[in-house]
Number of protein chains: 2
Amino acid sequence: MVDFYLPWFIAFSCFCALLFAGYLSWKVLRQSRGTERMQEIGDAVKQGARAYLRKQFSVVAVFFGFFFLFFLWLSSRGYISIFVPFAFLSGGFLSALSGYIGMSIATSSGDRTAQMACSGLNSALRTAFSAGAVMSFTVVGLGILHVAGWYYFLDRYFSINPVTAGDDKTALITFILLCSAFGASFQALFARVGGGIFTKSADVGADLVGKIEAGIPEDDPRNAAVIADNVGDCVGDCAGMGADLYESYIGSIVAAMALATATGIGPAAIAAPMAIAGFGILACIIGMFFIRTKEKAGQEYLLRALRRGIFVSVILIAVFSYFIIRRLLGAAHTGIYFSVLSGLFCGVFLGISTEYFTSYKYGPTRWISASALTGPATVIISGLAVGMVSIALPVIIVALVIIASFFLSGGAGNINIGLYGIGMSAVGMLSTLGIVLASDAYGPVADNAGGNAEMSHLPTQVRQRTDALDALGNTTAAVGKGFAIGSAALTALVLIAAYRNNILLLGQNIDMEFMNPRLISGLFIGGMIPFLFCSLTLGSVGRAALKVVEEVRRQFKQIPGLMEGKAKADYARCVNIVTAAAQKEMIFPSLLAVITPVLVGLFIGLEAVVGLLVGALVSGFSLALFMANSGCAWDNAKKYIEAGNYGGKGSDAHKASVVGDTLGDPFKDTSGPSLNILIKLMSMISIILASFIAKNMFFK
Amino acid sequence: MVDFYLPWFIAFSCFCALLFAGYLSWKVLRQSRGTERMQEIGDAVKQGARAYLRKQFSVVAVFFGFFFLFFLWLSSRGYISIFVPFAFLSGGFLSALSGYIGMSIATSSGDRTAQMACSGLNSALRTAFSAGAVMSFTVVGLGILHVAGWYYFLDRYFSINPVTAGDDKTALITFILLCSAFGASFQALFARVGGGIFTKSADVGADLVGKIEAGIPEDDPRNAAVIADNVGDCVGDCAGMGADLYESYIGSIVAAMALATATGIGPAAIAAPMAIAGFGILACIIGMFFIRTKEKAGQEYLLRALRRGIFVSVILIAVFSYFIIRRLLGAAHTGIYFSVLSGLFCGVFLGISTEYFTSYKYGPTRWISASALTGPATVIISGLAVGMVSIALPVIIVALVIIASFFLSGGAGNINIGLYGIGMSAVGMLSTLGIVLASDAYGPVADNAGGNAEMSHLPTQVRQRTDALDALGNTTAAVGKGFAIGSAALTALVLIAAYRNNILLLGQNIDMEFMNPRLISGLFIGGMIPFLFCSLTLGSVGRAALKVVEEVRRQFKQIPGLMEGKAKADYARCVNIVTAAAQKEMIFPSLLAVITPVLVGLFIGLEAVVGLLVGALVSGFSLALFMANSGCAWDNAKKYIEAGNYGGKGSDAHKASVVGDTLGDPFKDTSGPSLNILIKLMSMISIILASFIAKNMFFK
C-alpha cells in the first residue's frame, strides 16, 4: 500500500531543497564583488563559461535531436512507449540545467570569495561553501522533482488510460523513467568529457607554457591561457560535476525503482527509493546547520566542522530510514533497511579510505612527495602505485556491501528482492548527496577565487587563503568522487540486473551461464572499453593542450610588450581554441558508450551485451578509482612540497612533482570521473534498445 | 583411438628440440670471447647472475617446500592424489631449469656477441639470435618432455594400478598434470617478479643516478650500478622470460588436456594438444633454416628474414595440423582444426597489431616522440593513451577467436567440445613458440653485448651495432609479449572452465548464473587484483631503485678518484643490494596470487572464486597488454629521438623521453609480463584446492 501522504512528503522535501538553494544563493549574491578589476575578471570568466556552455549545448542538441527522432521512430514501430522520447529530453534538459545553475553560481561567487578572503579565511570558506551548497541542493531538488513528477504523472495517466493487455503498468512506468535517466546520463557524459577536456587542456597547456617553459607564476595575466584555465574550472568542475551527480542521483533512484517491479512487493517498493531520497534531503539541510566555525578557526577545524555536518545527516538518515522502510514495505521487508544502511556506511568508509590515500597528512601521498627527490619518473611510478593500491579497500567494501545488501534484504529467498536491496544500498549511499556534494563543489569556487586574486594583484595573503581552501577542497573533492564511483558501481549492477530481467521478459532463449562463449567475448570487450575510453580522453587533452601551448607561445612572440606587462594577452582566442577542440574531441568518446552495446548486441548477441556491461563495470570501476585517486594524490603531493617539504617551491623536487600533477589533471578530472557515467550509460542504452536488438540480431 | 606411433612422434620432436638447442649452443660457444677486459666483464655478469639465481632459488625453495608438505598432507587426507606433490615439484624444477639454461647461454654470449659486433652487424645478430634460440628450443623441448613424460607414465601406471571406483582415470591424470603446471607457474611468477624487480630497479637506479643526475653515459663503468643492470638483463629478461614462457607453453597444453576429458571424444583428445605442439617444434626448426641474411644486409632485411622464418613455420603448422587432427580425432571433429588455425592466426595478428603500436616506424610511437617537445608530462600522457588504445584490437581479436574456436569446433552441440576448442586455439598459438621466442630472447643478449662493449671501451661503432640489434629486439620482444599475454587469456579461460567442471563434479550446489551476488562480488575483487599486483610490483621497483641511487651516490662521494676513473666502483655491493631487495619484495605479490582464491573461496564461496578468476582475467588481460605496449612504445619513442629526431640525443625532448622510458621499464618488464602468469596461477590453485575449499567453507 503506497502511503497517501507520500507524494506530499516528497514534494515537500523537493520544495525545501530548492528553497534552501535559493536562500543560499541570495546569501552569496548579496556579498560584495570587490574592486573593479576583480569584477572585470569575474565577468570575463563568466562570459567565457557561458559562451562555452552555449556552444556545447548546441552540439549536444544535435545528438539529442537525433536520438529524439530515433526514439519517436521506435515508438511508432511499437518497440517503446510514446512517452520515452519526451522523458529522454526532460532528463537531458534537467541534467544540463543542474550543471548550468551550478556553474552560474560558481562563476558569480569566484570574485566574491576572493573579496571575502581579503578579510579572513573563515568568511571566504562560508561564501565558497554556500556556493557549493547551492549547486548540491539544486541537483537533489531537481532530481527528485523530476523522478517523482514523471512517476506520479504516469501513474495517474495509466490509471485513466489503461495499458494494453500483456503490458505491465509499473514495468512500463519504470522503463520510461529509465529513459529519462538515460537522457540525463547522456547529457552528463558530454558535459564531463567536453568540460573535462576543456578544463584540463587549458590547465595543462597554461602550466606547460607558463610555469615550466616561461617560468612565470600560475595565473599570471601575461599568460593568455589563464582565463581559459579559470573558465575551465567552471565548465568542467562545476557544470560537468553538477550534470554528473544529477545523473548519479536520479540513476540510482530509477534503477532501484526499475527492479522494484520484479520484487512482487507492490507499488510501495517503487516509492521507497524516492521516500529515502526525500528524507535524505531534509537530513542534509539539517546537517548544513551544524557546519559552524568560529571566526579565525584553523583549517583542521573547518574540516571537522564539515565532517560534523555530514555525520549528523548520516545519523538522521540511519535512524529514520528504518521507520520509512517499516511503514512503506511492512515488517516482512525490514531487511531492506539494512541494505540502505550498508550503502550509507559504505559511502562513509569509501570517504575515509579515499582520504587516507590522497591526503598529504598520511603516508602514501608523502611517499610520492619523497620520491620527487629522484625526479619525475619516480613521482609517476609511486603515484601510479599509490593509485593502484588505493582501490583494494574500496573494491572489497563494495563487494561486501553487495553481499550484505543482497542477503540481508532477503535475496536468498527471492533473487529480485536481493537485487532490489543492492539498488536500495546505492540510494542509501546517495541520500547524503546534498551535503557531500556541497563540500565537493566548493573546491572549484575556491580555485577560481585564487585565480581572480592573482590576476587582480590582490595581496599575496589573499592568495594564500584561497590556496588553503583549495587544498582542503582537494580532499573533499576526492571523497565526492569516491561517492560517485562507488554508487555508480552499485547502480550499474542494478541496471544490468534490470537488463537481464528485461531480456528474460522478451522471451528470448538466453543462456546466462558463465561459460557461454558469447558472454565471455562480451566480457573481454567490455573490460577493454574503459581503457579505450580513457585513451581517447587522455589523447584529447594531450592534443588540445598542445594547441594551447602553441597559441600562447605565438602570443609571447608576436604581441609586443606582452612579457613586460605593457600589452594585454588575447584571452578570448585561447578560450575559442579550447572550446573548438573540446567540442570536436568529446563526440567520439561519448558516442562510444552508446554505440558499443548496440554493435555487440547486433553482431554477437544479447548475452554478449550482459558480458560487455559486466566487463566494463568490473574494469571501469577499478580504473576510475585508480585514476581519480592517483590524480588527487599527485596534486596533494605537489601541495605538500609547496608547503615547504623536500626543498619546497622552486626546487627540483617541486618541478618533478609538477609533472605528476600535470599528468594527474586529466586522470582525476577528465578520464576518471567520466568512467562512472560511461558504465551506467552503456547499461541504460542496452535496456532501452533490448527489444529492438532482439528482433534485429545478425548472428542468432 | 590414440595413435600407436604418437608417443614416438612426440619423443622424436622433443629429442629434435633439445638436439637443436645443443647444436646452436655449441655454435655460439665456439665463438671468441674477445679481449681480456671483455671476458672479465662477461664473467662478472655471469657470476652476479648465478649468485642471484642461487639466492632466488633458495628463497623459492622454502615456498616449494611448504606447498610440497601441504600437498602431501592434502593427499594423506584424500583430497588429492599422492602424485600431486611430486608433479608440483617437477614443474617447478623444469621451469627453473629452463630459466637457468636460458640465462646461462645469454650470459655466455654477451661478450661473444660484442666481439662479433666488431666485425659486423650480421654476424652479431647471428650469435645473439642463436643464443636466443637455444633458450627457446630448450623451453619447448623440456616442456613437451615434461608433459608427455608424466602423461604416459601415469597412463601406464593407472593401467596397472586401476584408480579407485568413482574416480575417472583421465580426469585424475590431467589433474596431476595441472598440478605440475601449477608448479611451473608458481616458480615462473617468482622468477618474473623477482627478476623483474631486480632488473628494473638496477636499470632505473643506474639511469637516475648516472644519466640524469651525474650526466655520465649509460653503462659507464664509474657507475656502480652498471654491472647490476647487466646482471638484471640476464636474470629478469632471460631467466624470467624462460620460466614464464615455459609455464605458458605447458599451461596451454595441460589446460586443453584437462578439458579433453569432459568432451567425450576419448583419449585421442588428450593426446592431440601434445601432437600439435610436437609438430610445432619440427615446424619451428624448419623455419629456423629460412632465417638467412646476406652479410652486410641492413636492419630492415634482418627483420624480414626473421618474419620469413616465422611465416614458414606458421604455414607448415597450418597445413599439417589438419592431418594431425583428422587422424587423431576423426572426421567428426575436423572443426577442432579450425580452432587450432584461429589460434595460430590470432598470434600472427596480435604480433602485427603490437608492432604497429610500438615500433617507431608508425604513427603512435612517433606521436609520443613528438609530445616529448612539451616535456615529460605530455610524454607520459601520450604514452598512456597509446598503450590504452593499443589493447582495443587485440582484445577484439581474442574475443572473436573465442567465438570462432568455440562454434567452429562444435561447441553449439556440446559446450565442453567448444571449450576444448578454445584450449586448442591457445595450443595452436603457442605451437610457433620455438621460433617466436627465439626472436624475443635475443634482445637481452644484444643489450648485454652493448653493455660489455661500453665497459670494455670498444670503438663506438660496436656500440652502435649492438644498439641497432637492441632496437630490433625491442619490437620482436613486444611481439613475444603479445603472444604470451594473448595465449594466457585463452589458457586462463580454459582453466576457469576446467575449474567450473571440477566444482560441478564435486556435486556442490552451485549457481553459475551471472546475477549470483557471490559471483558478482568475486568479479569485483578479481577485477581489482591485477591493479593491486601492479601496485605492489611498481612500488617494489621504486623502493629498490631508491636504494641503488643512494648506494651509487655514496660511492661517488666516498670512493676517492672514482669520478676521474682512477678508482674502481664497488659493483658487487650494488648487486647484493638489489638482490636482497628483489628477494624481499617478490614474496608478497607472488603469494597474493595463491592466497586470494583460497580466502575468497573460504569466505565468500566457490561461485565467488569463479567470479574472482573471470574478473582477474578480464581486467588483467587489458592491463597486461596496456602496460607491455606502453612500456615498449616509450622505449622506442626514446630511440626514435636518439636516432636524430626532435633534437636528438641530449636535447630537452630526449630528456623528457628518458622519463617515459624509465617509467616504461617496470611497465614492460616487471608488472605487465607477470600479470599473464598471475591470472593462470590463480585459476590453477583454485582447481587444485577446490575440493578442500568446498569442504571447509565458512559461509555456505
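Below is a short write-up of the structure. (Residues numbered from 1 in each chain as written. Chains lettered and ligands numbered in written order. Predicted model: local features only at pLDDT ≥ 70, side-chain atom pairs only at ≥ 80, totals over all residues. Heavy atoms only, no water.)

On the chain B side, the residues contacting the 71 residues of chain A number 71 residues. For the pair chain A and chain B, the summed buried area comes to about 6,400 Å², and 88% of that belongs to carbon and sulfur atoms. When the buried area of chain A at its contact with chain B is split by residue, F514(A), M515(A) and F524(A) rank highest and sum to 13% of it. At the junction of chain A and chain B, the tally comes to zero salt bridges. Remark: the boundary between chain A and chain B carries four residue pairs in polar contact (both at pLDDT 80 or more). Residue assignment for the side of chain A that touches chain B shows that the elements contributing at least two residues are α11 (376–389), α12 (392–408), α13 (415–430), α15 (460–505), α16 (517–558), α18 (606–642) and α19 (652–696) of chain A. Here the element with the most residues in the side of chain A that touches chain B is α16(A); it accounts for 20 residues. In the side of chain A that touches chain B, the residues fall into 56 nonpolar, ten polar and five charged. (Contact = heavy atoms within 4.5 Å. Buried area = accessible area lost by both parts, 1.4 Å probe. Salt bridge = Lys/Arg side-chain N within 4 Å of Asp/Glu carboxyl O. Polar contact = N/O pair within 3.5 Å; in protein donor to acceptor, adjacent residues only side chain to side chain. Helix = DSSP H or I, 4+ residues; strand = E, 2+ residues; numbered from the N terminus. Nonpolar A, V, L, I, M, F, W, Y, C, P; charged D, E, K, R; others polar.)

Residue and element names in this part refer to chain B. Interhelical geometry of helix α3 (residues 84–119) versus helix α6 (residues 226–263) gives an angle of 140° and a closest axis separation of 8 Å. Here α6 runs oblique to α3, going by the angle between their axes. Helix-helix and strand crossings are classified by hand; for α3 and α6 the assignment is right-handed. Seen from α3, the contacting residues are G91, L94, S95, S98, G99, G102, M103, A106 and T107; seen from α6, they are C234, V235, C238, A239, G242, A243 and Y246. Among the residues making up the contact of α3 with α6, the classes are represented as nine nonpolar, seven polar and no charged. (Axes fitted to C-alpha atoms, helices over the stretch in contact; angles between N-to-C directions. Parallel < 35°, antiparallel > 145°, perpendicular 65-115°, else oblique. Left-handed = near helix turned anticlockwise from the far one by under 90°.)

Okay, the relation of the copies chain A and chain B next. Aligned on chain B, chain A shows an RMSD of 0.0 Å; the corresponding rotation is 180° and the shift along the axis is 0.0 Å. When the rotation and shift are considered jointly, the pair of chain copies conforms to a two-fold rotation axis. A shared interface surface links the copies, since 100% of the contact residues of chain A are contact residues in chain B too. (Least-squares fit on C-alpha atoms with pLDDT ≥ 70 in both.)

For the rest of this paragraph, the subject is the packing of aromatic side chains. Under the defined criterion, the tally for this structure stands at 100 aromatic pairs over all chains. Measuring from ring centre to ring centre gives 6.0 Å for F626(B) and F667(B), while their planes differ by 80°; the resulting arrangement is edge-to-face. Separated by 41 residues along the polypeptide, F626(B) in helix α18 (residues 606–642) and F667(B) in helix α19 (residues 652–696) bring together distant segments of the chain. Look at F626(B) and you get buried, because its relative accessible area is 3%. Positioned above the aromatic ring of W26(A), the side-chain terminus of R30(A) is 4.8 Å from the ring centre. (Phe/Tyr/Trp six-rings, centres within 6.5 Å; stacked < 30°, edge-to-face > 60°. Buried < 20%, exposed > 50% of the residue type's maximum accessible area, 1.4 Å probe, protein only. Lys NZ or Arg CZ within 6 Å of the ring centre and 35° of its normal.)

Turning next to the pattern of salt bridges. Residue and element names in this part refer to chain A. Using the criterion set out here, one finds 40 salt bridges over all chains in the structure. Of the charged contacts in the structure, one is a salt bridge between R37 and E40, with a shortest N-O distance of 3.9 Å. Remark: E40 and R37 occur in helix α2 (residues 36–76); sequence separation between them is three residues, near one turn of the helix. R37 sits in the partly exposed class, given a relative accessible area of 31%.

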